[in-house]
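Understanding the architecture of this molecule
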Amino acid sequence: MPNQMPETDGVGADDAPTRAMHAKVSAAFAAVVECTGADRQHITEALRVEDPACAAELQRWLACTEQLGEESSSGFLVRPIVGLDRLHPSAAESETEAPQSIGPYRIVRSLGRGTFARVFLGEQDRPVRRRVAIKLLLRDMGASDILARFDRERHALARLHHACIASLFDVGMANGSPYFVMEWVDGAPITAFARERKMPIDERLRLFVGVCRATEHAHERGVIHRDLKPSNVLAFVADSGAAVKVIDFGVAKAIANHCEGPLGHSSLRTLAGALVGTPPYMSPELLDGGADDADTRCDIYALGALLHELIVARPLVDCRNGTVAEWRKQARERPRVHIDASTIALGERWRRDLEAIIETAASPDRNRRYRTAGELGDELERVLEGTPIRARPVGFVESLARRVRRHPLVCGLACGGLVAGATATVALVLTLSASAQNAELKASLFRSALASVASAESLADRLGVDEQRATLQRESLTTARQLVALEPHDRIAMDLLARTLQGAQEVAASMAERSSGDERSALREEASRLRREHLDIRTRIASQPEATIADHAAVAVAMVLIGNEFEGCADYDAARAQYERALGIEEGLLNVEPSNPLLLSRLCYSYERLSVLATRRGDSAVERTLALRRLELAEQLSAMQPTERYSRLNLAEARRFALAFDVVPIVGIASVSDGDDLCVEYLSDCRALARDYPWCKRSQRELAMALGTAAHRLADASEAPERISLLSEGEIVLRRALGTTPDDPDLIDSLASIVSDLSQEAEWSGDDASALARIDEQRALLRWLMERRPNEDIYAKALAICERRHGEVARRATAGLN
Amino acid sequence: MAQRTEAEAIIYAALYGIAKPLMDDERDDHTLQTTAIVHEAWLRLREQPAIRSGPSHADFRRVAANSIRQILVDHARTRSRLKRGGGWRRIPLEQAVQSSAERGGSMTTVDLLDLDSAMTSLEARSQRQCRVVEMRYFAGLSNPEIADALGVSTKTIQDDWNAGRAFLLSRIAIREPD
């Protein structure tokens, strides 16, 4: 066996004789490989005479290849470790190998190539003669998977009709690769377009407002772009001047989801995300991969980044070098947006406004961004009109906060300083208002105090320690209240007060959870007061003439918060009254905006709480009506956002509630034919959810409950094995989830119910010993829950049943023994 | 505009494709390790001028293939050390690379460290043969692509491949799977 270790070869690069010999053997080997039998013999013989050493080497090569046998030697090194080619056609391919046609489309020429797709200009004859852009995905891109995902969004995409959105005409398969056919836009990336024409700032902004409107239009219909960047926002010259169109709506997301899906794990998604998205326009949460799902907020971020680049011709975050981790850090901790006056002709006020707008749109914290793309568009229009913008001038604090994120103490001090400054300013404003002179100074001081409180509030929000937050929030609250008292109709001041109140009630409630005795009741009372004040100010905001739908929806949220409080104190009638009021508002708003996903999800929650309360009252007729209406809304939401975790979970929960009454055909809900079908769908969706989000507690719990629900539907005695198998699977799911969060009351609650079912099964099968053990287990779980949720009377009732059953089974077991 | 070129994205994806199966049989936190390998490898690769200039550059494929080989070998070395507290244990890498795929079945396993040593001695004898093996095995390129990158005929590439492979085979231990 020629098992000589290569290290002992001792051949240097300058060993000419060895190289010559190798060349000779190689040549002989090449000749030998091509012939057989006698010829082969002839060649080796000739070599042996001429150069015995070479002949020996050749013999070794031949022996090795032959020894392995034809089959396995051809396997040696044949399958490459990695295929660069599979991910990427050779560079020449796109120019020389453009296909003649793709599906029914004639290919005119290649338009370009990306990592995942090639784009062609195509022509279509029927039904209309037109030019189209065709995006052909590269091989090995998981064609059927992408199309399946895409299919779920197709309905939503079909509803996109906007002058600034390139329409999607068709989707198909050609030689195993999916392709997308889109309206062809003969334009240039918006940034290049503006640069080449040296467009003035106002024209750039007008163009960009179109992009915001297009994105808003899509978001309202449940479509997220997921990859907004200059090359997807094309500008061109139309009859009326410069125009813009966003391309690839729905396409990027279908591909991105595909690339994220199979990996599943959060840190892997980071990696895949880095490949799928375009780093400078990716929000920190996308770069993290920790975000549940891409949502509208990542598009808002991308718009902010794009706006930045459109104005200063430089990306917001420099991703030319470094790693994903470094970009993520940069995106989170980037310095305050600064527009250099030398890059573009821009007045001081515009510069400040635009900096604030970009800062808000591309905030690292997605909750601080504009809520909708429309709001961003409105802001830009305000800049163009010369009216004050809404973006809070918190740039400085934001950037401070980013730098001190890991130093809560510094953050606390900064926050305290800001509040102190604001308090002083307010005092000054109060003095001035007494003299009622110098209105301009007063207004400017007012703004500055407002900004300080806003900054303090935003910093307080980042503090991890509740006590610290609470102290600062109390001070901010006092100042915010004074500001509102000074200017009772100032929209920004009221907004600020409402936001501070909402944060403060949350902190007070969370502190109450962790305290006891008098302190606990005091904190609860404080939270309760804050919630009422919160509702009050939200109501005032909503009564302003320029109030938006979001303002009205916020009133409903304030009511729901109070409802939660009553529900926690077991005052169910009062809770019901709050939820019903909230529901009334939300239903009214839904009439105005029937496909607003945010409204739909809020409504689902209100219906859920109300149906739970009906269950408590034993009012099953009402419960049923509410549960079915919720199911209907959940189906709507899920049709709009089929891949969002929230809407998937919401639909699963709605199905669980509906399944509580063996649902017979329901008018208006096409997909539900009867309870069994619904249950099958419910279970299979839950399996998918639990698989897609292994870290999500609610998804795991929902799967366990789906398994329990499925078991309940198998009523026949002969179906016991299937029931037990479903229940046991549920138990495993819950115990695994409890492995990471052992103290979770929701999980324990579900576990208690599955354990109870299993004890029943054991009893039915005559296995009293197991039944007793299970009942004991359930008893322990219920006692734990009672301690944890003292206001919940269900546990006491369940425990009573549990004790009774324990007695019965134990008696029977003893009797059996005797 | 992002200077993170398409070429970079491709190699990054390719690296990820290598690292992921490598780690599949390892501990639970393998995802972190995968990420670490890819990042480290990526940082080194990026320094290569040919990689920077993109896939149209003639050297791109050669450099990429060579880099991938280096990365894998380094990784195999580190891993060998880690496994036995500084000791030296050979890991049948080809098996590791392929085990997670559907390829299964009876398969000849090649120790990557052996292969690497053998390739070093092949390189001393014929650089071109070594490059051909590298590009075919480590980057999965076809003969015409390699011919294009090295500026020789495909017939030459096939001959180089046959000879290089026979030489390597004669220098390394071939084991049946355990």
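Anyway, here's the lowdown on the structure attached to this text. (Residues numbered from 1 in each chain as written. Chains lettered and ligands numbered in written order. Predicted model: local features only at pLDDT ≥ 70, side-chain atom pairs only at ≥ 80, totals over all residues. Heavy atoms only, no water.)

1. Topic: the overall build of chain B
For chain B, the count of helices and strands is nine helices and zero strands. Mapped in sequence order, the helices and strands of chain B form the string α-α-α-α-α-α-α-α-α. The buried share among the 178 residues of chain B stands at 59%. Partitioning the intrachain contacts of chain B with sequence separation of at least 6 by distance along the chain shows that 58% fall at a separation of at least 24. About 7000 Å² of surface is accessible on chain B, with carbon and sulfur atoms providing 48% of the total. (Helix = DSSP H or I, 4+ residues; strand = E, 2+ residues; numbered from the N terminus. Buried < 20%, exposed > 50% of the residue type's maximum accessible area, 1.4 Å probe, protein only. Contact = heavy atoms within 4.5 Å. Areas by Shrake-Rupley, 256 points an atom, 1.4 Å probe, with all protein chains shown as cover.)

2. A word on the packing of helix H1 (residues 16-34) of chain A against helix H9 (residues 154-171) of chain B
Following both chains from N to C, one finds H1 of chain A and H9 of chain B inclined at 105 degrees, their axes separated by 9 Å at the closest point. Viewed along their axes, H1 of chain A and H9 of chain B adopt a mutual orientation that is roughly perpendicular. Residues His22, Ser26, Phe29, Ala30, Val33 and Glu34 of chain A of H1 of chain A form the contact with H9 of chain B, whose participating residues are Lys155, Asp159, Asn162, Ala163, Ala166 and Phe167 of chain B. Of the residues that constitute the contact of H1 of chain A with H9 of chain B, the class distribution is six nonpolar, three polar and three charged. (Axes fitted to C-alpha atoms, helices over the stretch in contact; angles between N-to-C directions. Parallel < 35°, antiparallel > 145°, perpendicular 65-115°, else oblique. Nonpolar A, V, L, I, M, F, W, Y, C, P; charged D, E, K, R; others polar.)

3. With respect to the environment of tryptophan 61 of chain A
Residue and element names in this part refer to chain A. Mapping tryptophan 61 onto the fold places it in helix H3 (residues 52-67). Judged by its relative accessible area of 0%, tryptophan 61 is buried. When the C-alpha atoms of tryptophan 61 and valine 25 are compared, they prove to be 9.1 Å apart, with 36 residues separating the residues in sequence. A distance of 2.7 Å separates polar atoms of two side chains, one belonging to tryptophan 61 and the other to glutamate 57. (Polar contact = N/O pair within 3.5 Å; in protein donor to acceptor, adjacent residues only side chain to side chain.)

4. A word on the pairing of strand S5 (residues 168-174) of chain A
Residues in a regular strand point their side chains to alternate faces of the sheet. All names here are of chain A. Note that S5 and strand S6 (residues 177-183) share six bridges and pair antiparallel. Each bridged residue has a counterpart across the sheet, and for alanine 174 the counterpart in S6 is serine 177. If you look at the hairpin formed by S5 and S6, you'll find two residues sitting between the two strands, and asparagine 175 has a positive phi there, around 50 degrees. (Pairing = 2+ DSSP bridges.)

5. Examining the packing of aromatic side chains
Pairs of aromatic rings are described using the distance from one ring centre to the other and the angle between the two planes. Applying the stated rule across the entire model yields three aromatic pairs over all chains. Residues tryptophan 61 of chain A and phenylalanine 167 of chain B carry aromatic rings whose centres are separated by 6.1 Å and whose planes lie at 75 degrees to one another, so their mutual orientation is edge-to-face. Linking tryptophan 61 of chain A in helix H3 with phenylalanine 167 of chain B in helix H9, this pair reaches from one chain into another. Arranged with centres 6.3 Å apart and planes meeting at 80 degrees, the rings of tyrosine 105 of chain A and tyrosine 179 of chain A form a pair that is edge-to-face. Highlighted residues: tyrosine 105 of chain A in strand S2 (residues 105-113) and tyrosine 179 of chain A in strand S6, separated in sequence by 74 residues. Tyrosine 105 of chain A sits in the buried class, given a relative accessible area of 3%. Taken together, the ring pairs connect Phe29 and Trp61 of chain A together with Phe167 of chain B into an aromatic cluster. One cation-aromatic arrangement involves arginine 130 of chain A over phenylalanine 169 of chain A; the distance from NZ or CZ to the ring centre is 3.6 Å. Here the guanidinium or amino end of arginine 136 of chain B rests over the ring plane of tryptophan 161 of chain B, the centre of that ring lying 4.0 Å away. (Phe/Tyr/Trp six-rings, centres within 6.5 Å; stacked < 30°, edge-to-face > 60°. Lys NZ or Arg CZ within 6 Å of the ring centre and 35° of its normal.)

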